[in-house]
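Secondary and tertiary structure notes
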Amino acid sequence: MKNNILLYIILITAFSLNVHSQKGRVAAADKQYERYAYIDAIKTYEKVAEKGYKSEDIFKKLGNSYYFNAELEKAAKWYGELFAMNVPNIDPEYYFRYAHTLRSLGENEKANEYLEMFNQKAGNDSRGQLFIKNVNYLDAIKANSGRYKIEDAGINSQYSDYGTAIYENELIFASARDTGNVEQRKHKWTNQHFTNLYSATLSDDMTPGKPKKFDSNVNSKFNESTPIFTKDGKTMYFTRNNYLDGKKGKDANKVTLIKIYRAKLENGKWGNITELPFNSDNYSVAHPALTPDGSELYFASDMSGTIGLSDLFKVKINSDGSYSTPANVGKSINTEGRETFPFISDENELYFASNGHPGLGGLDVFVVPINKDGSFGEVKNLGSDINSPMDDFAYLIDTKSRRGFFTSNRDGGMGYDDIYKFLEQKKITCQQVLYGEITDLATKKILPDTKVTLFDKSFNSVSTTTSDSEGKYSFDVECGITYYVRAQKTDYTTKEEKVTVGTEDGKTYLPIALESSKCVVTIGDDLGKCFNIKMIYFDLDKSYIRQEAALDLEKILDVLNQNPTMRLDIRSHTDSRQTFKYNENLSDRRAKSTINWLVKNGINSNRLTGKGYGETQLVNKCADNVDCTEEEHQMNRRSEFIIIAL
């Protein structure tokens, strides 16, 4: 493998909250009654749970209701109750959510335990670890290949030529071609001459002309490389060895590292060269890149806080020309390997070189979108056109012409590092629209003004919108990516859907139906349907209230306490097995047992009536001597709580 200039210029050292509620209907026989009772199921669940009743379903709903609204402390309480029940086969998502809420409380050790369980159960989900080694990464690289037309840039020498920037229709790059006389200095690590900056005029198709040396005030007897220019063309940032005003700096081991310098254009010449304040003699800072609006400067460094051999950092450039404290761009970009040579396009995409992300060998070039909130999307390898088994880096693209340059020391080049030009014939991200409409689950009516939020697979917020007057929403998304879509509306249960969009240009349809979180009931309606109460559990041939029945009756009790004028007729039904008379008597005892439980817990008996109907009101075909499944028989074993007064 060739020696390359990098040895000294690169750094060295929801789920739905299944609250079963539905929109009540106005009883046809009682149209004169226009009073309705609005039942907040979540509040009732919480009151029931606070009394000590334990239910996997309720704990999930309570935890989710607070989690989706960022009330993480309350969510942690109910998720904790859920896991304390030791319920088997809990969905892995709940391990992640509980760990997330525990982290917010500072319970990091316990959070780590649940993240580890999450990893085991979810198959190494990317949210649970620093970096996932994708066993199919070569397939992804193959899918991203074949998109470029690549040629030698025509400016290479037998020495190192690398790292490009565009400035006033000129290509600026670093080269070690200036060998000078026999006393010309060489770098001990590479036996290459030190690099200077060169420029070459670009034609309309971005073909460089004959190179010439860049400004003599910038070039020194040490290495200069990787320049970047502000939009107004008056400020330049570049990399140089630790050398300024004739003085060379060294670290504790007497090694001269590299720094970023700033130069100002004065009377057509570059001058007033100063080093940036976050440089140091004791670590390297290199390869500056500016955001499109010039408000932030990205760079590579091995300064304190680095995750791997070198990381990408960024600083804000303040209006007075000062800089913020450098911030590591984070673990979604940086690995235990080396990340370097950032470039940011005017499409808010960060390109960088890395040997830590899955690649073809050496340094590969990757791209990642920068979201509006500053977070990053999915990191993608650019494919085998740009990348090779050798070092590939210093990618630059003009997004209007889709032409650009990169550097590689791949086989077949002229020198140690060579600059290649390219035409991108197809973007790496095909265009998809994720769309749908928001409706009421029960009534099917459209729900305008619903807040809809798009999350990436790590639950970073990507975009937020509101459904229009027709209940419709849409997002521009990347092909083949998994997203989560969350819909939120007042008086409705928040719902979250997972979706993987198509892999080719087009649209992906995702309708979302929301459940009302409040029941609207009137005279003649079954109050039990608000809470999906189909039956009250009794032991075989018994009529005393079991614990499971008490849990449901607590919900009815709470509603009666909230609505002191409400009256109920409690109706108990059996299936057709056993004799007609036996079923009638058993169901009557069960209805009366239910009434007695409510009276014992504070409800005035004059608000309650009840009767057992035995097998007289079957809801299906399962009469005597008819073959039916257990599930079919169970549909007939039910309790009803019919509202007879409001």
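Residues numbered from 1 in each chain as written. Predicted model: local features only at pLDDT ≥ 70, side-chain atom pairs only at ≥ 80, totals over all residues. Heavy atoms only, no water.

It is worth spelling out the pairing of strand E7 (residues 224–229) at this point. The element E7 is largely enclosed, with a buried count of six among its six residues. Inspection of the sheet shows E7 paired to strand E8 (residues 235–241) by four bridges, in the antiparallel sense. Looking at E8, one finds that Phe229 is bridged to Met236. Here E7 folds back onto E8 in antiparallel fashion, the turn holding five residues, of which Gly233 has a positive phi close to 75°. (Buried < 20%, exposed > 50% of the residue type's maximum accessible area, 1.4 Å probe, protein only. Helix = DSSP H or I, 4+ residues; strand = E, 2+ residues; numbered from the N terminus. Pairing = 2+ DSSP bridges.)

This next bit is on unusual backbone geometry. Even without a glycine there, the phi angle at Glu168 is positive, about 50°. With respect to the element layout, Glu168 can be found in the loop between strand E3 (161–167) and strand E4 (170–175). Its identity is not glycine, yet Arg402 carries a phi of approximately 60°, on the positive side. You can see Arg402 is positioned in the loop between strand E21 (392–398) and strand E22 (403–408).

The strand order across the open sheet built from four strands is E2-E23-E22-E21, with neighbouring strands paired in antiparallel fashion. In this open sheet, the two edge strands, each paired with only one partner strand, are strand E2 (148–152) and E21. Between one strand axis and the next, the sheet turns through 25° on average, direction left out of account. Where E21 meets E22, five bridges bridge the pair, whose relative direction is antiparallel. Each residue of the ladder has a partner; that of Phe393, found in E22, is Thr407. (Axes fitted to C-alpha atoms, helices over the stretch in contact; angles between N-to-C directions.)

Contact geometry of helix H8 (residues 547–562) with helix H9 (residues 580–600) gives a least axis separation of 10 Å together with a crossing angle of 55°. Comparing their axes, H9 and H8 come out oblique. Where H8 crosses over H9, the two elements pack in a sense that is right-handed. Touching Ala550, Leu553, Glu554, Leu557 and Leu560 of H8 are Thr594, Trp597 and Leu598, all from H9. Class assignment for the residues of the contact of H8 with H9 results in six nonpolar, one polar and one charged. (Parallel < 35°, antiparallel > 145°, perpendicular 65-115°, else oblique. Left-handed = near helix turned anticlockwise from the far one by under 90°. Contact = heavy atoms within 4.5 Å. Nonpolar A, V, L, I, M, F, W, Y, C, P; charged D, E, K, R; others polar.)

With that settled, consider the packing of aromatic side chains. Scanning the model with the defined rule gives 33 aromatic pairs in all. Pairing Tyr167 with Phe229 gives two aromatic rings, centres 4.3 Å apart and planes at 15°, and the pair type is stacked. Of this pair, Tyr167 sits in strand E3 while Phe229 is found in strand E7, placing the two residues 62 residues apart along the sequence. You'll find Tyr167 and Phe229 in the same group, each marked buried. Where Phe455 meets Phe459, the ring centres are 6.1 Å apart and the plane angle is 40°; that geometry is what we call tilted. (Phe/Tyr/Trp six-rings, centres within 6.5 Å; stacked < 30°, edge-to-face > 60°.)

Where helix H3 (residues 56–67) contacts helix H4 (residues 72–84), the axes come no closer than 8 Å and their chain directions differ by 160°. Considered as vectors, H3 and H4 are oriented roughly antiparallel to each other. Of the two possible hands of crossing, H3 and H4 adopt the one that is left-handed. Together, Glu56, Phe59, Lys60, Leu62, Gly63, Asn64, Tyr66 and Tyr67 of H3 and Leu72, Lys74, Ala75, Trp78, Tyr79, Glu81 and Leu82 of H4 make up the contact between the two elements. Among the residues making up the contact of H3 with H4, the classes are represented as nine nonpolar, two polar and four charged.

A few words now on the nonpolar core. Leu527 and Leu568 are the most contacted members of the largest nonpolar core, which totals 55 residues. No other element matches H8, which puts eight residues into this core. Leu568 has contacts with Leu527, Ile556, Leu560, Arg607, Leu608, Thr609, Phe641, Ile642, Ile643 and Ile644, leaving out every residue within four places of it along the chain. Listed in part, the 24 residues of the second largest apolar core include Ile397, Phe405, Phe422 and Ile428. (Core = buried A, V, L, I, M, F, W, Y, C linked by side-chain atoms within 4.5 Å.)

Attention now moves to the pattern of salt bridges. Inspection of every chain in the model, using the stated rule, returns 32 salt bridges. Here Glu224 and Arg240 are joined by a salt bridge, their closest N and O atoms 2.9 Å apart. Here the residue Glu224 occupies a position in strand E7, and Arg240 occupies one in strand E8, the gap between them amounting to 16 residues. One salt bridge in this structure joins Glu296 and Lys314, with 3.8 Å as the shortest N-O distance. Of this pair, Glu296 sits in strand E14 (residues 296–301) while Lys314 is found in strand E15 (residues 311–316), placing the two residues 18 residues apart along the sequence. For the residue pair Glu296 and Lys314, the accessibility class agrees, reading buried in each case. Each member of the salt-bridge network shares a partner with another, and the members are Arg147, Glu347, Arg402, Glu424 and Lys427. (Salt bridge = Lys/Arg side-chain N within 4 Å of Asp/Glu carboxyl O.)

What follows concerns the state of the cysteines. Should the sulfur atoms of two cysteines be covalently bonded, the bond is a disulfide. A complete count under the given rule lists two disulfides for this structure. With a sulfur-sulfur separation of 2.2 Å, Cys519 is cross-linked through a disulfide to Cys530. You can see Cys519 sitting in strand E32 (residues 518–521) and its partner Cys530 sitting in the loop between E32 and H8, a full eleven residues away along the chain. Side by side, Cys519 and Cys530 carry an identical accessibility label, which is buried. Note that Cys622 is cross-linked by a disulfide to Cys628, the S-S spacing being 2.1 Å. Around the S-S axis, the bridge from Cys622 to Cys628 shows a dihedral of about -105° and counts as left-handed. Of the two residues, Cys622 and Cys628, neither departs from the other in class, the shared state being buried. (Disulfide = S-S within 2.5 Å.)

For the rest of this paragraph, the subject is the confidence of the model for the protein. The predicted model of the protein has a mean per-residue pLDDT of 83, with 86% of residues at 70 or higher. Under a pLDDT of 50 for its full length, residues 130–135 has, in the predicted model, eight contacts with residues more than four places off or in other chains. (pLDDT = per-residue confidence, 0-100.)

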